[in-house]
Amino acid sequence: LLGPLAGAYVIRASNVPILIRVASGFGLLRGALVMVAISAGIGTAGLYVSGMVPSAGLWPAFVKWSMGDLLGIICMTPSLLLLAQPGSTHPDVPRPRDYSSTREKSAWLAALALSFTFVYWGGLRDSVYALGMVALPMSLLMWSALRFQPVWTTFGTCIAVLFLTTLTGLGLAGFKSPEGLLDSTLLLAFMSLFGTIPLVLVASLNEQRMATRKELRRATTDAATN
């Protein structure tokens, strides 16, 4: 409770506009880091007091707790914010016709499911390069960011991150579960980066679409009579 409250305070104090913009995303990330630090600090202290971790394990527990929280925030928060956002009447907000058709979205969904199948199959092959197959869902998330409404990319990123972290974190389909602090840190850092790249792209493209609509509106609308 204290972690989210502190993170929300930081966001409000810095006047971060809750819009689909790169600057807004990094402003929200600052609040997330505050939330993560406080939540992990309290949680790790609770683990120590209850005897679940020794004093020597406090730092590893803090790192894994905080990075796990951060990964969850990166992959879940954008979708929740978009779902909670009321409909906008701003004239420069992109319209549905500015995005691709339902047929293309159906093909994308099928390709995303197929990419998960390939990643799972690659893990079963027990290849040291199996994790490199995550480039398949990543490329599809890039496709989504370029062509679809932002919510498609945020939900696709969330599903992809949950799928990949489940395989690697639990050691399923031949993937090796992380053993030490370094392994866990590298895995969580990689997955955080995996989840961030499509979101940055979709925010940047949304800004470009809004700027294009604004220029078009200025060019075709009389300022005196609208």
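Please refer to the structure higher up on the page.
Residues numbered from 1 in each chain as written. Predicted model: local features only at pLDDT ≥ 70, side-chain atom pairs only at ≥ 80, totals over all residues. Heavy atoms only, no water.

A. Summary view of the nonpolar core. Trp-108, Val-119, Val-161, Leu-164, Met-191 and Phe-194 are the most contacted members of the largest nonpolar core, which has 25 residues in total. Looking at this core, the elements with two or more residues in it are helix H3 (58-84), helix H4 (102-124), helix H5 (135-147), helix H6 (150-170) and helix H7 (181-220). The element that contributes the greatest number of residues to this core is H6, accounting for five residues. The contacts of Leu-164, once residues within four sequence positions are left out, are Val-119, Val-134, Met-191 and Phe-194. Counting residues in each nonpolar core, the second largest holds six residues, with Val-36, Leu-70, Ile-73 and Leu-199 among its members. (Core = buried A, V, L, I, M, F, W, Y, C linked by side-chain atoms within 4.5 Å. Buried < 20%, exposed > 50% of the residue type's maximum accessible area, 1.4 Å probe, protein only. Helix = DSSP H or I, 4+ residues; strand = E, 2+ residues; numbered from the N terminus. Contact = heavy atoms within 4.5 Å.)

B. Inspection of H5 at higher detail. Along its 13 residues, H5 runs 18 Å from first to last C-alpha, staying within 8% of the 18 Å computed at 1.5 Å per residue. Considered for burial, the residues of H5 that qualify are Pro-137, Met-138, Leu-140, Leu-141, Ser-144 and Ala-145. Taken around the axis of H5, the buried residues stretch over an arc of 160°, which confines them to a single face. Buried residues along H5 sit against H4, H6 and H7. (Expected span 1.5 Å × (residues − 1). Arc of directions from axis to C-beta.)

Bear in mind that shape data such as this cannot, by itself, settle questions of function.
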